Amino acid sequence: MTLSRVVICAALAVVLASCGGGGRDISGAKQVLPTIGSSGGALSNVQAKKLFGAKSFASAQSSAPYGSYAKGCLAGGVQLPETGPTWQAMRLSRNRNWAHPETIDMVKKLSAFAARQPGWEGLYVGDMSQPRGGPMLTGHRSHQIGLDADIWMLPPKSLGLSRKQRENISSISMRRSKGAYVNSSWTKAHHNILKAAAKDPRTARIFVFPGAKVQMCNDEKGDRSYLRKIRPWYGHHYHFHVRLNCPKGLRGCVNQSPPPAGDGCADARQWQANILNPPKPKPKDPNAKPKPPRRELVLADLPAQCKAVLNN
């Protein structure tokens, strides 16, 4: 493994988070918050995903995210309407079209921008959060505090899809050569929509596959500052993932560390190079102890405020 690859991987392990899967800790920079602990009583050691995944509506509280993106909950969640003038929420059976009001506003404004792009009627919106946030029964490790939203890469041709159609339709992949490059489905509109999302001052970072970041780096001829927020990450070729910063003035919400300085294009090109020419794997230490499997979050692990969110 090259030195640059080691540095990149180490940095990503600390500051990045993804939509799900894998054995990485995607909660971002580690920060200590008071937790529920034993105050959860008999539920303290129950898997949090079973408790939060069972809630079908938001808590009766003011809207507030508590904890970090992969270890927290959402008070007073707001539901994105299933259909709007420039969007449709997808996979409605999951009941994951809930978020903090700032995220709802971001999605609506981004969809209005998308509707002005050639061939786009707006946006198909994938997973946001559960009604009260928290760990999900399936899929994502993040999306827990109402500040994450997945946006499909598929340009909507119709905003009149039925509930059944929204369950069965699929987005489309943008990647070629295992994610090193974009494919022929990638358009200037994809670039423009990702750029608009990144330029929203509320956006902390956007996750997309490496080939898309490299293509955007190659194509951008104007202001490049927004590229800092667009970070390459595994998967993310059927959708891109927008993550917002904690809203100002809300205590108990934990931001990730900011992305590294610069436009991030060199790092993305290193990802691309490693996809095309994978470095030799590091020899395994025969005496190394296997890492224990990642433990599921239980209610006791979550921020103290999440007890009221669950019960309110």
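Everything below is about the structure shown above.
Asks: Teacher, can you tell me more about the overall build of the protein here?
Replies: Scanning the protein from terminus to terminus reveals eight helices and 13 strands. When the 312 residues of the protein are sorted by exposure, 51% land in the buried category. For the protein, the exposed surface amounts to about 14700 Å²; the carbon and sulfur share of it is 55%.

Asks: What is the right way to read the pairing of strand β11 (residues 203–208) from this model?
Replies: Regular strands have side chains that alternate between both faces of the sheet. Extensive coverage of β11 is indicated by the burial of six of its six residues. In this structure, β11 lies alongside strand β13 (residues 239–244), joined through four bridges in antiparallel fashion. Counterpart to T203 in the pairing with β13 is L244. As judged from the three bridges shared by β11 and strand β12 (residues 230–232), these two strands associate in the parallel manner. Within β12, the residue paired with F207 across the bridge is R231. A crossover connection joins β11 to the parallel β12 through helix α6 (residues 210–219); in handedness this β-α-β unit is right-handed.

Asks: Help me understand the packing of aromatic side chains, please; the structure alone is not making it clear to me.
Replies: Geometry of an aromatic ring pair is reported as the spacing of the ring centres plus the angle between the planes. The tally for this structure, following the rule as stated, stands at four aromatic pairs. An angle of 80° between the planes, with centres 6.1 Å apart, marks the rings of Y124 and W152 as edge-to-face. Residue Y124 is located in strand β7 (residues 123–125), and its partner W152 is located in strand β8 (residues 148–152); the two are separated by 28 residues in the primary sequence. Between the aromatic rings of Y234 and W271, the centroid separation amounts to 5.0 Å while the plane-to-plane angle is 55°, which identifies the pairing as tilted. Residue Y234 is located in the loop between β12 and β13, and its partner W271 is located in helix α7 (residues 265–276); the two are separated by 37 residues in the primary sequence. Feature note: the residues W233, Y234 and W271 constitute an aromatic cluster, connected by ring pairs. Taking NZ or CZ as reference, R243 lies 4.2 Å from the ring centre of Y69, over its face.

Asks: When you look at the pairing of strand β1 (residues 64–68) in this model, what are you seeing that I'm missing?
Replies: Of all five residues that make up β1, five are buried, and the element is covered over most of its length. In this antiparallel pair of consecutive strands, β1 and strand β2 (residues 71–75), the connection spans two residues.

Asks: I tried to follow the pattern of salt bridges on my own but got confused; where do I start?
Replies: Opposite charge on two side chains permits them to pair, given that their charged atoms come into close proximity. Summed over all chains, the structure comprises 13 salt bridges. For E296, the salt bridge is made with K49, and the minimal N-O distance between the two is 3.2 Å. Of this pair, E296 sits in the loop between α7 and α8 (306–311) while K49 sits in helix α2 (residues 48–52), and the two are 247 residues apart along the sequence. The partner of D105 in a salt bridge is R202, with the nearest N and O atoms 2.7 Å apart. Taken as a pair, D105 in helix α3 (residues 101–114) and R202 in the loop between α5 (188–199) and β11 lie far apart in primary sequence, 97 residues in all.

Asks: For this particular structure, what's the right way to read the nonpolar core?
Replies: Note on soluble globular proteins: their nonpolar side chains tend to be buried together. Ranked by internal contacts, the top residues of the largest apolar core, which has 43 residues, are I230 and F240. Mapped onto this core, the elements with two or more residues apiece are β5 (87–89), α3, β7, β8, α5, β11, α6 and β13. When neighbours within four sequence positions are excluded, F240 is seen to be in contact with L110, A149, D150, I151, M153, I193, L194, A197, I206, F207 and V208. Among the nonpolar cores identified, the runner-up in size contains 14 residues, and I36, L297, C306 and V309 belong to it.

Asks: Just checking my understanding: could you explain α5 for this structure?
Replies: Spanning twelve residues, α5 covers 16 Å between terminal C-alpha atoms, matching the ideal 16 Å at 1.5 Å per step. Burial in α5 covers these residues: A189, H190, H191, I193, L194, A197 and A198.

Asks: Please clarify how empty space enclosed by the protein should be interpreted in this entry.
Replies: Where empty space is left in the structure can be found by rolling a water-sized probe over the atoms. Counted by the stated rule, this structure contains one cavity of 30 Å³ or more. A volume near 30 Å³ is recorded for the largest cavity. Lining the largest cavity are A89, M90, R91, R94, R96, N97, V125, G126 and D127. Partitioning the lining of the largest cavity into residue classes produces three nonpolar, two polar and four charged.

The rules behind each value
Residues numbered from 1 in each chain as written. Predicted model: local features only at pLDDT ≥ 70, side-chain atom pairs only at ≥ 80, totals over all residues. Heavy atoms only, no water. Helix = DSSP H or I, 4+ residues; strand = E, 2+ residues; numbered from the N terminus. Buried < 20%, exposed > 50% of the residue type's maximum accessible area, 1.4 Å probe, protein only. Areas by Shrake-Rupley, 256 points an atom, 1.4 Å probe, with all protein chains shown as cover. Pairing = 2+ DSSP bridges. Right-handed = clockwise from strand over helix to strand, strands pointing away. Phe/Tyr/Trp six-rings, centres within 6.5 Å; stacked < 30°, edge-to-face > 60°. Lys NZ or Arg CZ within 6 Å of the ring centre and 35° of its normal. Salt bridge = Lys/Arg side-chain N within 4 Å of Asp/Glu carboxyl O. Core = buried A, V, L, I, M, F, W, Y, C linked by side-chain atoms within 4.5 Å. Contact = heavy atoms within 4.5 Å. Expected span 1.5 Å × (residues − 1). 1 Å grid on protein atoms, 1.4 Å probe; cavity = no way out; pocket = protein on both sides within 12 Å on 5 of 7 lines; lining within 4 Å. Points joined across faces, edges and corners; volume = space filled by probe spheres on them. Nonpolar A, V, L, I, M, F, W, Y, C, P; charged D, E, K, R; others polar.

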